[in-house]
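Coordinates in review
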There are 2 protein chains.
Amino acid sequence: MQKENIQAIIVNIGDELLIGQVVNTNATVIAEALHKTNIQVKEVVTIGDDKNAILSLLQRVWEECHIVFITGGLGTTNDDITKACICEFFNSQLQERPEVLKHIEHLRKERGLCLSDSVRTQAMLPECCQVISNKHGLAPGMWIEKQNKLLLATPGVPSELMGMLEEICQKIKQKYQTWHKIDKHFKLMGISESLLSDKLQDFERQLPTYIKLAYLPKMGIVNLRLSGSHADKDLLEKEMNFFADKLKEATQDYTFAFEDTDLALLLGRLLREKGYTMATAESCTGGLIASQITAFAGASDYFKGSIVAYSNETKYNVLHVDKQVLETQGAVSQEVVCLMAKNVLKLLNVDFSVAVSGIAGPSGGTPQKPVGTVWIAVANKNECTAQCFHFGTHRKTVTERTTQMALYMLYRLIINQ
Amino acid sequence: MQKENIQAIIVNIGDELLIGQVVNTNATVIAEALHKTNIQVKEVVTIGDDKNAILSLLQRVWEECHIVFITGGLGTTNDDITKACICEFFNSQLQERPEVLKHIEHLRKERGLCLSDSVRTQAMLPECCQVISNKHGLAPGMWIEKQNKLLLATPGVPSELMGMLEEICQKIKQKYQTWHKIDKHFKLMGISESLLSDKLQDFERQLPTYIKLAYLPKMGIVNLRLSGSHADKDLLEKEMNFFADKLKEATQDYTFAFEDTDLALLLGRLLREKGYTMATAESCTGGLIASQITAFAGASDYFKGSIVAYSNETKYNVLHVDKQVLETQGAVSQEVVCLMAKNVLKLLNVDFSVAVSGIAGPSGGTPQKPVGTVWIAVANKNECTAQCFHFGTHRKTVTERTTQMALYMLYRLIINQ
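The following paragraphs examine the structure supplied in this document. Predicted, not measured: the structure shown is a model, and the values here were computed from it.

Let's shift gears to the relation of the copies chain B and chain A. Least-squares fitting of chain B to chain A yields an RMSD of 2.7 Å, with the transformation described by 2.3 Å of translation along the axis and a rotation of 180°. Most of the interface of chain B is mirrored in chain A: 81% of its interface residues are interface residues there too.

Okay, here's the thing in C-alpha cells:
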C-alpha cells in the first residue's frame, strides 16, 4: 500500500467549552496520541450542542481530511445529540447492541444502581459503527469506516476518552500506512526566542519542505522541535540526523537537554542518579518551586523539603537569616538570598539547595529594585553562587520564570560538579 | 440601537496546539471574557502556522459571525505569519507605528537588550488596525473594524493576551449593544455532581429557555452557574432573582459562597478582613497549598510562610514533630498532622495554621493506608481538629483535592469563630 500523509480533524462538542467553563484538554490528549501515531492533525474545532451546527460542520470536515475524531455529546441528557447527528449524516439507524447492554448492566450492578430507560439508551448505536468499549463509563466509542475515511466518536469525559485512545490508535495504525515521522527536541536556556530565530535564519532556509523547526518558548526556556515527515524512511533519517547535528552545533552554547521533558523531572532524575538530596528556601515563589519538584512521583528520594519564608520574621525565626543583614540589605539582596540557601542546606541536612527572594508585584517595587527583580542562589557544602534577574511585571510570569531559572541553576551546578 | 445577540468565533493559530504539546488555555480565557461581555462564542478553531489554511479559514469565519478573535502567530520567527495573512485578507499594508516602536525600545532598554531588526518588525502593523497595547511583551494586539464586524488579533503568550483582554472587552461593550446577561454563582462543598443533579432535576425542568444551569465540578468543589440572557432587562432580573432564591434554598446545606472566586482568594480576603495571619505545614502537597495562597497579590498581608516537610527527618528537625510519635503512628496519622499544625503555628507565630500529611502515590500505599489517604488538620491557639480523607489513586488529583479541602477547612474554622 502507498504510504500517505494521513490528516485528521478533531471536533469537540459541548456548550461548556464555548463559555470558558472547561479547558479543552481532550483536544490536547487526542492531538498528542494522533501525532505519535503519525497522523497529522490539521484542525481542531469546538462547537456547541446544536444539531444544525454539528451537521454542517460534519459535512465540511468529512471532505477535508481522512479522519474525523469527535468527542462529547454522548451522554443521556437532552443536549447530547452526537449519535442522532451521526445517524443523519450517514443515513443510518440506531440499533441496540447486546454486548454493550451487558457491559452497562454489569457496570450499574457494580455501583449498586439499577438500569433506567435513559441509561439503557446508551446501548443504542448507529448500525454503521463498530463499538470501542468504554472501560471507565457507560457510553461506548464509535468507529465508522467509509472507503478510506474514518469517523470516530468518544465521550467527552477525559478519563473515558483516555481509556479508549490506545485501542483507537492501534486500529488506526492497522488501517493506514502512514508517513514516517521523526521528532528531535532541544531545550535551551539563556537566549530569547527572537535572538535565536535571528541566529537560525540561515539554518531554517536550508531545511527541506518536509522538515520543520518549531519554537516553543516557555517561561525563559526555549524548546526547539525539529520534525520531519516523509514516505521514504531512509532519506528521512539521513536528513534528520544531518540537520539535527547542524542545529546542535548552532545552539551548543544554550542547549542543556535533548528531550521534551520538564526541567523539574530532569533535575530529579539527575539527583537520583547521583544519590544527592536537595531543599529549597523560597520567598517570592511561595512554595512553587517545591510544588513543581514534588509534582513527580518518587520526589521523596531526593527532595527533603522547603522553608517558604514569606515574611522577614520567618526569614530570621525559621531560616535564621541575620536580622541586621536583612535590615541593611533588604530581603531582596545577594546577601540575604545566599544566607537563605546556606541555612536551608544545613537545617534540612541536604547536599544541594536553591533559594529565591524577589518582588513578584504588582506592588512592593522601588526605583532601585523594581517589580520583577529576583535574586536566586544555589549552594552546596563548599560554595554558594547568586545571580540577579529581572523577570518583567506580571506576577505569575515572575514566579514561574523564577522557578524555571532556579531549577536550571541547580541543574547546572550539579552537572558541572 | 437594537439590542443584538452578538456572535464570535475564536481562532487559535499554532502548530504546537495541533500536536498536543500545549493545552489551549487561551481559548478558555477568551471564551470566558467574551461570555462575561455578553458575546456568544459559537465556535473555536485551532489551525497551524500555514498561510493558505489561515486565509481560507478567515474567509469562512468572517462571514459567519460578528467578531473574529485570533491569537498566535505574532512573534518574530518565520512561522509567525498572522500579520501577513491579515494584510492580505483586508488588502492592507504594514506600516511602522511610532508609539509601538517607542514602547518596544523602552521595554528592551529596561531588560538591558538592544533593538535588533527582527524585534523592530514588531512595530510594523497593518494600516487598517488600531493598536491594543501590550503591557507584558513586545507584539501589540490589533483591532480592525469593518462595518458592524470586528477582527481582533493578540499574541498567543497567555500573560500578554490576558493583559489585553480587559481593554478589548471594554471596547467591545462600547461598540455593540448586546443582550442583557446575568450570571449567579454558587460554590458548594460536600456533595458530588451526580447527586446534586439528581437533587436539582425538578428545579432544572422549571427553568425558562433563556436561563441555564451549568455544573462545574473541580477538585471536590462543585461550582454552579445560573446564567440568563434576554433582550428585556426587567424580565430577566425578576426571573433570575426568583430562580436564584430557589436554588439557594435547595443547596443551602452545601453552598459556602456566592461568587466565582478561587477558594485561596476567598480565604485570603477573610484573613485580611479579620486581621489574622496564617501558615501551612505540608507533606504530600509539597508546597502546593502555599503556592496557591501566594498566587494572589497581597498575600504577604496574612501569609507568613510554610514548612514543607517532605521527609520524616524534616518533620522532626524543623517542625519538631516528636520522633516517637512519628515512628509509632506513622507520618500519615492524626497525631502527626496535629503536631505539624500546632508546631508551625508556634514556629511562624501566626493565628491560624493548616497541616497535611498523606500518600499521593502511585507508590507508598499499604492495606491500612492506601494511596489517596490524607490527614488534614487546622489549628489556632486554642484548638486543633483533624480529619481523614480518601482522594483516589491519581497523584495530581490527590494533591489538588487535598489543597482545596485544606483551604476549605481553614475557611470554615475562621468563619465559625
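Okay, the sheet that holds strand β7 (residues 141–146) of chain B next. Across the sheet, which stays open at both edges, the twelve strands sit in the order β6(A)-β7(A)-β8(A)-β3(A)-β1(A)-β2(A)-β2(B)-β1(B)-β3(B)-β8(B)-β7(B)-β6(B) with mixed pairing between neighbours. A single partner strand is all that each edge strand has here, and the edge strands are β6 (130–132) of chain A together with β6 (130–132) of chain B. Looking at each pair of strands side by side, their axes are set apart by 15° on average, direction ignored. Where β7 of chain B lies against strand β8 (residues 149–154) of chain B, five bridges are found, and the strand directions are antiparallel. Looking at the pairing, Glu145 of chain B lines up with Leu150 of chain B of β8 of chain B. Each of β1 (7–13), β2 (40–47) and β3 (67–71) of chain A is contacted by helix α2 (residues 25–36) of chain A, which is oriented at about 160° to β1 of chain A, the strand it contacts most. Across the sheet, helix α4 (residues 82–90) of chain A is in contact with β1, β3, β7 (141–146) and β8 (149–154) of chain A; its angle to β7 of chain A comes to roughly 10°.

The subject of this paragraph is the pattern of salt bridges. Per the stated rule, a full pass over the model turns up 27 salt bridges over all chains. Here Arg272 of chain A and Asp301 of chain A are joined by a salt bridge, their closest N and O atoms 3.1 Å apart. In this pair, Arg272 of chain A sits in helix α11 (residues 263–274) while Asp301 of chain A sits in the loop between α12 (288–293) and β14 (303–309), placing the two residues 29 residues apart along the sequence. Note that Arg60 of chain B is salt-bridged to Glu64 of chain B, the shortest N-O span being 3.1 Å. Taken together, the positions of Arg60 of chain B and Glu64 of chain B, both in helix α3 (residues 51–64) and four residues apart, correspond to about one turn of that helix. Given a relative accessible area of 31%, Glu64 of chain B falls into the partly exposed group. What emerges from the salt-bridge pattern is a single network uniting Glu43, Arg60 and Glu64 of chain A.

Criteria and cut-off values
- Residues numbered from 1 in each chain as written.
- Chains lettered and ligands numbered in written order.
- Predicted model: local features only at pLDDT ≥ 70, side-chain atom pairs only at ≥ 80, totals over all residues.
- Heavy atoms only, no water.
- Least-squares fit on C-alpha atoms with pLDDT ≥ 70 in both.
- Contact = heavy atoms within 4.5 Å.
- Pairing = 2+ DSSP bridges.
- Helix = DSSP H or I, 4+ residues; strand = E, 2+ residues; numbered from the N terminus.
- Axes fitted to C-alpha atoms, helices over the stretch in contact; angles between N-to-C directions.
- Salt bridge = Lys/Arg side-chain N within 4 Å of Asp/Glu carboxyl O.
- Buried < 20%, exposed > 50% of the residue type's maximum accessible area, 1.4 Å probe, protein only.

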